[in-house]
There are 2 protein chains.
Amino acid sequence: MTSVQMKKIQKWKKLGQETVFEKYGRKINKVVFELPDGKKADYYLKDEGDVAGILAITKNGKVILTEQYRPGPDKILMDLPGGFLDSGERPEVAAGREMLEETGYKGDLELVGHTIHCAYSTRKKYIFVARNCFKHASAKPEEGEIINVRLVSMGQLRERVRKGQMTDTDLVYLALDYLGIIK
Amino acid sequence: MTSVQMKKIQKWKKLGQETVFEKYGRKINKVVFELPDGKKADYYLKDEGDVAGILAITKNGKVILTEQYRPGPDKILMDLPGGFLDSGERPEVAAGREMLEETGYKGDLELVGHTIHCAYSTRKKYIFVARNCFKHASAKPEEGEIINVRLVSMGQLRERVRKGQMTDTDLVYLALDYLGIIK
């Protein structure tokens with residue numbers, strides 16, 4: 001690894017923080033940093049909870065996706081099952097709970113890893129694979145969640161992620177990489 | 001594509017919207033929807049501008065990354081060059097401008113596509129590849145941007161994205177897929 005113009009990159013010093021917006025899942029903190037050159041700068045950062053997504057595969061090799069309306073992009077999308085970690089909840093517990101709630105399926109969960117949502121957000125996004133998934137119960141989506149459970153082939157998922165029309169493009173690729181489906 | 005329990009998924013009807021927070025790049029809208037069952041529900045959505053990232057490759061086959069402190073995750077990360085589209089700016093113009101500002105390099109830009117940042121954000125993330133990149137000028141980062149330009153091999157990028165320790169994991173994979181580097 002070479003460097004064109006070598007600077008020493010260092011962490012900024014956090015001088016203070018206050019919450020300037022908090023409503024439902026949205027929280028924004030004003031954070032005052034001292035930059036390496038000694039100047040002070042205010043940043044408005046998203047204080048967002050961690051999430052977990054699951055690439056869930058049935059015993060027949062189908063991938064379990066959730067189809068639902070997403071209000072941010074204003075589109076109906078197929079995505080991985082998943083959702084927020086409840087307060088203090090371990091990622092693998094959240095993953096199993098969300099998969100069961102949204103799809104009714106259970107399976108053997110393995111942690112793949114996590115990625116970073118955004119340079120201005122505290123959120124980590126965990127990704128799991130779940131193998132040998134089987135229908136355990138009826139889906140019990142939360143209030144306001146209207147979800148279609150879709151079973152697609154791995155090839156269909158591979159084509160779909162390539163188009164980027166998912167909110168979890170990062171997590172799908174990480175799981176496909178972990179499984180050796182992309183090389 | 002088969003369906004386990006077929007529901008008709010439809011778009012929600014937007015009844016109204018007001019901005020409840022706006023400061024620097026952060027804007028949150030309260031949006032009132034009528035859900036398909038006729039109930040009304042308030043959502044607090046992130047109204048966020050679109051961004052563009054670039055997988056930039058030099059004439060010698062090196063990938064140009066930017067190393068900087070990221071305040072959200074509180075980490076020093078290597079990421080793709082890129083940033084916000086200015087108001088009315090076309091994505092390819094923003095991509096070329098951001099690459100030049102952050103790294104001093106120019107190259108032949110091709111649009112790969114875009115993905116969706118989050119189910120509760122309006123943001124699109126565009127991804128470009130830039131081939132035949134060459135040093136054109138000194139980097140001119142914006143106020144507060146302290147950036148090291150790093151040249152890495154494609155194999156090093158491939159290893160790095162697998163670990164998820166980037167804010168643009170989605171964009172890197174989309175570009176590698178477009179280039180046929182992952183199959």
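The numbers attached to residues start from 1 for each chain and follow its sequence in the written order. Think of it this way: whatever chain is written first is A, whatever ligand is written first is 1, and the rest follow in order. Totals for whole chains, interfaces and linings use all residues, but because this is a predicted model, local features are given only for residues with pLDDT of at least 70 and pairs of side-chain atoms are given and counted only at 80 or more. To get the side-chain values, take all heavy atoms of the structure and skip hydrogens and water.

## Topic: helix α3 (residues 169-178) of chain B
Residues and elements named next belong to chain B. Taken across its 10 residues, α3 has 9 buried, putting it largely inside the fold. Working definition: with a 1.4 Å probe on protein chains only, accessible area under 20% of the residue-type maximum means buried, over 50% means exposed, and in between means partly exposed. A helix here means a DSSP run of H or I that spans at least four residues, while a strand means a run of E at least two residues long, and both kinds are numbered starting from the N terminus. Within the span of α3, buried status applies to Thr169, Asp170, Leu171, Val172, Tyr173, Leu174, Ala175, Leu176 and Asp177. At the C-terminal side of α3, Gly180 shows a positive phi close to 75°.

## Some points on the sheet that holds strand β2 (residues 13-23) of chain A
Residue and element names in this part refer to chain A. Should DSSP find at least two bridges between two strands, the strands are taken to pair. Across the sheet, 3 strands lie side by side as β2-β3-β4; this open sheet has antiparallel pairing. Here the strands that pair on one side only, and so sit at the sheet edges, are β2 and β4 (40-46). Strand-to-strand, the axes of this sheet are offset by a mean angle of 20°, without reference to chain direction. Taken together, the 9 bridges between β2 and strand β3 (residues 26-34) define a ladder with antiparallel strand orientation. By the bridge assignment for β3, Lys13 is matched with Glu34. A fitted line through C-alpha atoms serves as each axis, taken over the contacting stretch for helices, and the angle formed by two N-to-C directions is quoted from 0 to 180°.

## A closer look at the confidence of the model for chain A
Low-confidence regions, as indicated by low pLDDT, have predicted coordinates that should not be scrutinised in detail. As a per-residue quantity, pLDDT reports the predictor's confidence and falls between 0 and 100. When the pLDDT values of chain A are averaged, the result is 94; 97% of them are 70 or greater. Both scores are available for the predicted complex, with the pTM at 0.95 and the ipTM at 0.94.

## So, the interface of chain B and chain A
Residue-level contacts link 79 residues of chain B with 79 residues of chain A. The buried area of a pairing is the accessible area, by a 1.4 Å probe, that goes missing from both parts when the two are put together, added over both. Counting the surface lost from both chain B and chain A, the interface buries some 7400 Å², and carbon and sulfur atoms represent 58% of this. For salt bridges, the criterion is a side-chain nitrogen of Lys or Arg within 4 Å of an Asp or Glu carboxyl oxygen. Inspection of the chain B/chain A interface yields 8 salt bridges. A salt bridge links A:Asp177 to B:Arg162, with the shortest nitrogen-to-oxygen separation between them at 3.2 Å. Polar contact is defined as a pair of N or O atoms within 3.5 Å, subject to the rule that within protein one atom must be able to donate a hydrogen and the other to accept it, and that residues adjacent in sequence are counted only when both atoms are side-chain atoms. Across the contact surface, chain B and chain A share 24 residue pairs in polar contact (both at pLDDT 80 or more). Note on residue categories: nonpolar means Ala, Val, Leu, Ile, Met, Phe, Trp, Tyr, Cys or Pro, charged means Asp, Glu, Lys or Arg, and polar means any other residue, Gly included. Its residues assigned to classes, the side of chain B that touches chain A comprises 39 nonpolar, 18 polar and 22 charged. Throughout, a contact is declared for two residues whenever any of their heavy atoms are within 4.5 Å.

## Brief notes about the environment of A:Gly53
Examined against the element boundaries, A:Gly53 turns out to sit in strand β5 (residues 51-58). A:Gly53 has contacts with A:Pro81, A:Gly82, A:Tyr126, A:Ile127, A:Phe128 and A:Leu171, leaving out every residue within four places of it along the chain.

## Concerning the relation of the copies chain B and chain A
For this overlay, a least-squares fit was computed on C-alpha atoms, restricted to residues scoring pLDDT of at least 70 in both copies. Screw-axis analysis of chain B against chain A gives a translation of 0.0 Å along the axis, an RMSD of 0.0 Å, and a rotation angle of 180°. Each copy turns onto its partner about a two-fold axis. Ranked by how close their C-alpha atoms come to the rotation axis, the residues of chain B are headed by B:Asp170, at 2.0 Å. The fraction of interface residues of chain B whose copies in chain A are also interface residues reaches 100%, indicating that both copies meet through the same surface.

## Re the packing of helix α2 (residues 154-162) of chain B against α3(B)
Residues and elements named next belong to chain B. Following both chains from N to C, one finds α2 and α3 inclined at 135°, their axes separated by 10 Å at the closest point. Here α2 is positioned oblique relative to α3, judged by the angle of their axes. The handedness of the crossing between α2 and α3 comes out as left-handed. Contacts between α2 and α3 involve Met154, Leu157, Arg158, Val161 and Arg162 on the former and, on the latter, Thr169, Val172, Tyr173 and Leu176. Of the residues that constitute the contact of α2 with α3, the class distribution is 6 nonpolar, 1 polar and 2 charged. Convention used here: angles under 35 degrees read as roughly parallel, angles over 145 as roughly antiparallel, angles from 65 to 115 as roughly perpendicular, and any remaining angle as oblique. A crossing counts as left-handed when the near helix is turned anticlockwise from the far one by less than a right angle, and as right-handed when that turn is clockwise.

## Points about unusual backbone geometry
Located in the positive-phi region is A:Asp74, a residue other than glycine, with phi close to 60°. With respect to the helices and strands, the residue A:Asp74 is situated in the loop between β6 (63-70) and β7 (75-79).

## Side note on the pattern of salt bridges
One pass over the full model with this rule turns up 30 salt bridges over all chains. The shortest N-O distance in the salt bridge between A:Asp170 and A:Lys125 comes to 3.0 Å. Of the two residues, A:Asp170 is situated in helix α3 (residues 169-178) and A:Lys125 in strand β10 (residues 124-135); the sequence distance between them amounts to 45 residues. With respect to class, A:Asp170 is no different from A:Lys125; both count as buried. A salt bridge links B:Arg97 to B:Glu101; its shortest N-O distance comes to 3.4 Å. Taken together, the positions of B:Arg97 and B:Glu101, both in helix α1 (residues 91-103) and 4 residues apart, correspond to about one turn of that helix.

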